[in-house]
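Examining the three-dimensional arrangement
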Amino acid sequence: MTNRNHHSKTIKIDKQTIAKAAFDLLLEEGMKKISIRNVADRLHIKGASLYWHVKNKDELLELVAEEICKDIPFPDNSLSPEDQIKVLSYEYRKTLLKIRDSAHVLVETAPTTPYRLQLINKMSEALQLFGLKNEDLFSSSWMLNNFITSFVLEEYRFNEIPKDASETLEIIDNLPFGQSMPNMEREFQFGLDILLSGFKSKID
């Protein structure tokens, strides 16, 4: 009698395999589809088996956040501290725009995983070299992170406006700024420059 499972491929289930499956689900179907059950189905295992490796959906999303952060390259240490902050901010935004719903994932999760913590430490290190005092590092890092993620969330919303949504576009056109859809590259640069100017004012 032939064993029907003889030719089936056994998948090794560990946290990295789970993280990859959940990340692929994010790319294909968005954050709302990430669940213990959906990831287990994707790996062809029972949901109960997944709980041997992750406690709950929160931890699952933290693993996804780690995969997102791995895509953010660090700036060259030879750059000036200000340029390091700018490059890292731009790469951060670029990654969040490239990976579906990634800003939502980062906003909804705590920074608990290795590469994500490295990312925070790198930004904090650049801000310290920029001249900020130790007692201002958390506030400045938090403010910069909030600016980037909130900005990208607004970009998601603008990107979801259909080209033929005349009613929405008419409301935007009627705003007293002499333009309709904002130039997001310019607005991001403007916001980043304002933040850096503010940070400079805290340096003795």
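Here we summarise the structure given alongside this text.

Quick notes on the rules
Residues numbered from 1 in each chain as written. Predicted model: local features only at pLDDT ≥ 70, side-chain atom pairs only at ≥ 80, totals over all residues. Heavy atoms only, no water. Axes fitted to C-alpha atoms, helices over the stretch in contact; angles between N-to-C directions. Helix = DSSP H or I, 4+ residues; strand = E, 2+ residues; numbered from the N terminus. Left-handed = near helix turned anticlockwise from the far one by under 90°. Contact = heavy atoms within 4.5 Å. Nonpolar A, V, L, I, M, F, W, Y, C, P; charged D, E, K, R; others polar. Phe/Tyr/Trp six-rings, centres within 6.5 Å; stacked < 30°, edge-to-face > 60°. Buried < 20%, exposed > 50% of the residue type's maximum accessible area, 1.4 Å probe, protein only. Lys NZ or Arg CZ within 6 Å of the ring centre and 35° of its normal. Polar contact = N/O pair within 3.5 Å; in protein donor to acceptor, adjacent residues only side chain to side chain.

Viewed as axis vectors pointing N to C, helix α5 (residues 81-98) and helix α8 (residues 134-159) meet at an angle of 35 degrees, and their least axial separation amounts to 10 Å. Classified by chirality, the crossing of α8 by α5 is right-handed. For the pair α5 and α8, contact is made by Ile85, Ser89, Tyr92, Arg93, Leu96 and Leu97 and by Leu144, Asn145, Ile148, Thr149, Phe151, Val152, Glu155 and Tyr156, respectively. The residue makeup of the contact of α5 with α8, split by class, is nine nonpolar, three polar and two charged.

A separate point is the packing of aromatic side chains. Following the criterion strictly, the structure yields six aromatic pairs and no others. Measuring from centroid to centroid gives 5.3 Å for Phe74 and Tyr115, while their planes differ by 25 degrees, and the two rings are stacked. In this pair, Phe74 sits in the loop between α4 (57-69) and α5 while Tyr115 sits in helix α7 (residues 114-130), placing the two residues 41 residues apart along the sequence. Here Phe74 falls in the partly exposed class, since its relative accessible area comes to 32%. In textbook terms, an aromatic cluster arises when at least three aromatic residues are bridged by ring pairs, as seen for Tyr90, Phe147, Phe151 and Phe188. Positioned above the aromatic ring of Phe188, the side-chain terminus of Arg93 is 4.9 Å from the ring centre.

Residue position: Thr113 is located in the loop between α6 (102-108) and α7. A relative accessible area of 10% means that Thr113 is categorised as buried. Separated by 2.6 Å, the side chains of Thr113 and Glu66 make a polar contact. The residues contacting Thr113, other than those within four sequence positions of it, are Glu62 and Glu66.

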